[in-house]
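Observations on the three-dimensional arrangement
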Amino acid sequence: MQRPKVNPWIIAVTVTLATIMEVLDTSIANVALPHIAGSLGASADESTWVLTSYLVANAVVLPIGAYLGSIIGRKKFYMTCVVIFGVSSLLCGLAPSLPMLLFFRVLQGLGGGGLQPSEQSILADTFPPEKRGQAFAVYGLAVITAPIVGPSLGGWITDNYDWRWIFFINIPIAVLSLFLTHRLVEDTPKIKKEVEEAKRGGFRLDWIGFGLVALTFGSLEVVMDKGQEDDWFGSNFIVAFTMLAIVGLIVLIIWELRQAQGKNRPVLDLKLFASRNFSVSFLMMFVLGFTLYATTVLLPQLLQTLMGYTAELSGFAMSSGGLATIICMPIVGILISKLDGRYLIIFGFSSIALALFYMTSLDLQMSFAYAAKLRFLQSIGLPFLFVPINTLIYVGVPPGKNNDVSGLSNLARNIGGSAGTSFFTTMLARHQQVHQQYLVQHVHGGSQAYIQQARALSQQFLTRTAALTDAHTKAMLSLYQSVQVQASVLSYIDILQSLCIICACMVPLVFLMKRPPKGTKAAVH
């Protein structure tokens, strides 16, 4: 392993800067959508493409970042991505119309998609195996905390300044990251050798592979992001993109396996899935992203829609999760070098499952402190998953495949995040209808509780209006709104229960992973 010319921790901080910038942009624009729509004369539905366009472009580049890095060099590819991200952030802030904003968001997603895999592989090559877990703890601090901080930061900027500043703030970070990367980061001899071979013509671009990756993951991202909005398979639009994703995935797998048998390097190294550790870690990273993003959307929406919290106040409640991550991540970084990482994963999934089960006790009478406590407890287990999974996924993988591993693991987390968000919105809408129908069956003229409540409300409204009919109508409306609220609360509880079960099911899978070799408790090759 090549020893870096500077302190490895300086390199870790350098690449983490871009991580914060890129991951923030997956969630910071969420709360600004109404302002963006109003400013650019777009509808609410049209404005959601500001999020979708970024995620689609991100998903397309994530799995092929390793391939591109092998052609032009990882450092040059990484710096190119930082430049694209910074310039496109400036253009997003200056966009005069929605179509232009969407175009610049696609460019931003293309630049951002190449950052995370490059950063993770840089860390894997910079740190020796016994220190790698601690390095991933620093990286994980940014990856896990940024989606939590994003909505509250975006809300604060939008409320106090202008939505365009959620893009402008990326520019100084991009400039600093570019300068530090140029001065501090170096390619490994293995990567330099691959680049030289590519320059001599021994490396042919797999254009068909590129196209299949874009078709498959781009279509999948559109399906997950717009599915509930378009009533899933009741929409020809969603059916068409689902078919594109399925057919694209099948052809992609066949094509890439054929490429691997020949002289050309495949865009995706699917042979990595032959490693048991990689396959299990890939699934666990998907579930980690699924749970993280689903819960990141769940609690703020409950606080804002049912309890009347502002976006900024709900963001403060969510910030307790970031505090839990800050406290636990250094602890995990130390433990990963002393304990079998599989035990930490067991604790992580068990902790999250128990916290989600505890969260099912929520009600609309809970205080701000209680809501913050729920998020804090739910976030404790995240560092115990992110660091061990990101270290164990490299066990048994040749050092030259670090880029491929990091690209696919980041893809798993991002696709999992999109799936988790889609799962939340779909299950909330569907279960609200089910619970509302059930509750309405108990609100009828033969129910004494209903009669008493209706009379009490009618008398209450009668003191404010002279018309008995108006008072009765308002009473009925109030009862119906109460039913809707109760149905929503029950739906949130259903979602939490489902997430609890999903996390609990991950615990037995830990035993399918190979034990790290003795003496190197962290990630090793």
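Rules used throughout
Throughout this description, residue numbers start from 1 for each chain and increase along the sequence as written. Given that this is a predicted model, residues contribute local features only at a pLDDT of at least 70 and side-chain atom pairs are listed and counted only at 80 or more, while totals for whole chains, interfaces and linings are drawn from all residues. No hydrogens and no water enter the side-chain calculation; it runs on all heavy atoms of the structure. Labels follow the DSSP assignment, with helices taken as runs of H or I lasting at least four residues and strands as runs of E lasting at least two, numbered in each case from the N terminus. A 1.4 Å probe rolled over the protein chains alone gives each residue an accessible area, and that area as a share of the maximum for its type sets the label: buried under 20%, exposed over 50%, partly exposed in between. The contact rule is simple, with two residues in contact once any of their heavy atoms fall within 4.5 Å. Each accessible area is a Shrake-Rupley estimate made with a 1.4 Å probe; only the visible protein chains count as cover when residues are assessed. What is meant by a nonpolar core is a set of buried Ala, Val, Leu, Ile, Met, Phe, Trp, Tyr and Cys residues, joined one to another through side-chain atoms within 4.5 Å. Any pair of N or O atoms that falls within 3.5 Å is considered a polar contact. Within protein, one atom must be able to donate a hydrogen and the other to accept it, and sequence-neighbouring residues count only if both atoms are side-chain atoms. For a helix, the expected span equals 1.5 Å multiplied by the number of residues minus one. Each Phe, Tyr or Trp ring, with Trp reduced to its six-membered ring, pairs with another whose centre is within 6.5 Å; inter-plane angles below 30 degrees give stacked pairs, above 60 give edge-to-face pairs, and intermediate values give tilted ones. Just to be clear on terms, a salt bridge is a Lys or Arg side-chain nitrogen sitting within 4 Å of an Asp or Glu carboxyl oxygen. Patch criteria: residues need more than 30% relative accessible area and no salt bridge. Like-charged residues are merged within 9 Å; nonpolar side chains of Val, Leu, Ile, Met, Phe, Trp and Tyr are merged within 5 Å. Helix axes use the C-alpha atoms of the stretch in contact, all axes being lines fitted to C-alpha atoms, and the angles between their N-to-C directions lie in the range 0 to 180 degrees. In this scheme, roughly parallel covers angles under 35 degrees and roughly antiparallel covers those over 145, while 65 to 115 is roughly perpendicular and the rest are oblique. Definitions for this section: a left-handed crossing has its near helix turned counterclockwise from the far helix by less than a right angle. A right-handed crossing has that turn clockwise. Residues are grouped as follows: Ala, Val, Leu, Ile, Met, Phe, Trp, Tyr, Cys and Pro are nonpolar; Asp, Glu, Lys and Arg are charged; every other residue, Gly included, is polar. Along the chain, pLDDT gives the predictor's confidence residue by residue, from 0 to 100.

Attention now moves to the overall build of the protein chain. Summing up its helical and strand segments, the protein chain has 22 helices and zero strands in all. Counting across all 525 residues of the protein chain, residues that qualify as buried make up 54%. Sequence separation of at least 24 residues holds for 83% of the intrachain contacts in the protein chain that already meet a minimum separation of 6. Of the accessible surface of the protein chain, which amounts to about 22,200 Å², a share of 66% is contributed by carbon and sulfur atoms.

This part covers the side chain of Ser281. When you line up the elements, Ser281 lands in helix α15 (residues 276-305). Look past the residues within four positions of Ser281 in its chain and what remains in contact with it is Ile389, Leu392, Ile393 and Met513.

Core analysis: the largest hydrophobic core is formed by 108 residues, its most contacted members being Met284, Leu303, Ile345 and Phe349. Of all the elements, α15 adds the most residues to this core, at 14 residues. When residues no more than four places from it in sequence are discounted, the contact partners of Met284 are Ile345, Phe349, Ile389, Met506, Leu509, Val510 and Met513. By size, the runner-up hydrophobic cluster in this structure holds 17 residues, among which are Val50, Cys92, Phe104 and Phe167.

Glancing now at the side chain of Arg375. Take Arg375: it is sitting in helix α18 (residues 368-380). Separated by 2.6 Å, the side chains of Arg375 and Gln378 make a polar contact.

Turning next to α18. For α18, built from 13 residues, the straight-helix expectation of 18 Å at 1.5 Å per residue is met to within 8% by its first-to-last C-alpha distance of 19 Å. Looking at α18, one finds that the buried residues are Ala371, Ala372, Leu374, Arg375, Gln378, Ser379 and Ile380.

Take the packing of aromatic side chains next. Evaluated as defined, the whole model comprises 13 aromatic pairs. Arranged with centres 5.3 Å apart and planes meeting at 80°, the rings of Trp165 and Phe168 form a pair that is edge-to-face. Pair noted here: Trp165 and Phe168 are both in helix α10 (residues 165-168), with a separation of three residues, about one helical turn. Classification of Trp165 as partly exposed rests on a relative accessible area of 46%. Phe168 sits in the buried class, given a relative accessible area of 17%. Measuring from centroid to centroid gives 5.0 Å for Phe273 and Phe278, while their planes differ by 80°, and the two rings are edge-to-face.

This model, assessed by the stated rule, comprises one salt bridge. Here Asp340 makes a salt bridge to Arg342, at a shortest N to O gap of 2.9 Å. Of the two residues, Asp340 and Arg342, both sit in the buried class.

With that settled, the discussion passes to a nonpolar patch on the surface. On the surface, a nonpolar cluster with roughly 720 Å² of combined accessible area is contributed by Phe233, Val239, Met243, Ile246, Val247, Ile250, Val251 and Ile254. Note that Met243 resides in helix α14 (residues 236-261). Looking at Met243, the relative accessible area reads 46%, which means it is partly exposed.

Turning to the environment of Phe316, a few remarks are in order. Within the secondary structure, Phe316 is located in helix α16 (residues 311-335). Each C-alpha atom, one on Phe316 and one on Leu153, is 9.6 Å from the other, the two residues being 163 residues apart in sequence.

Checked against the element boundaries, Thr421 lands in helix α20 (residues 402-440). Linking Thr421 and Leu298, residues 123 residues apart in sequence, is a C-alpha distance of 8.8 Å. Once you skip the residues sitting within four places of it in the chain, Thr421 turns out to touch Tyr293 and Val297.

We now examine the packing of helix α6 (residues 74-94) against helix α7 (residues 98-113). Contact geometry for α6 and α7: axes closest at 8 Å, N-to-C directions at 160°. Comparing the axis directions of α6 and α7 gives the class roughly antiparallel. Of the two possible hands of crossing, α6 and α7 adopt the one that is left-handed. Together, Cys81, Ile84, Phe85, Ser88, Ser89, Leu91 and Cys92 of α6 and Leu101, Phe104, Arg105, Leu107, Gln108, Gly111 and Gly112 of α7 make up the contact between the two elements. Classifying every residue of the contact of α6 with α7 by side-chain character gives eight nonpolar, five polar and one charged.

Right, let's talk about the confidence of the model for the protein chain for a bit. Parts of the model with low pLDDT should not have their predicted coordinates read in detail. For the protein chain, the average pLDDT comes to 78, and 80% of its residues sit at 70 or higher. Across the protein chain, element-level confidence peaks in helix α17 (residues 341-359) with a mean pLDDT of 92 and bottoms out in helix α21 (residues 448-462) with 57.

With that settled, the discussion passes to helix α8 (residues 115-126). Over its twelve residues, α8 extends 16 Å from the first C-alpha to the last, a length consistent with the 16 Å expected when each residue adds 1.5 Å. Counted residue by residue, α8 has twelve buried out of twelve residues, so it is predominantly covered. Within the sequence span of α8, burial applies to Leu115, Gln116, Pro117, Ser118, Glu119, Gln120, Ser121, Ile122, Leu123, Ala124, Asp125 and Thr126.

With that settled, consider the packing of α7 against α8. The interhelical angle for the contact between α7 and α8, taken along N-to-C directions, is 15°, at an axis separation of 5 Å. Looking at the two axes, α7 sits roughly parallel to α8. Here Gly111, Gly112 and Gly113 of α7 lie close against α8, whose contacting residues are Leu115, Gln116 and Pro117. When the residues that make up the contact of α7 with α8 are grouped by side-chain class, the tally is two nonpolar, four polar and no charged.

What follows covers the environment of Lys75. Looking at the secondary structure, you find Lys75 in helix α6. Classification of Lys75 as buried rests on a relative accessible area of 14%. Between the C-alpha atoms of Lys75 and Ile191, which are 116 residues apart in sequence, the distance is 9.6 Å. Excluding residues that lie within four positions of it along the chain, Lys75 makes contacts with Thr181, His182, Val185, Glu186 and Asp187.

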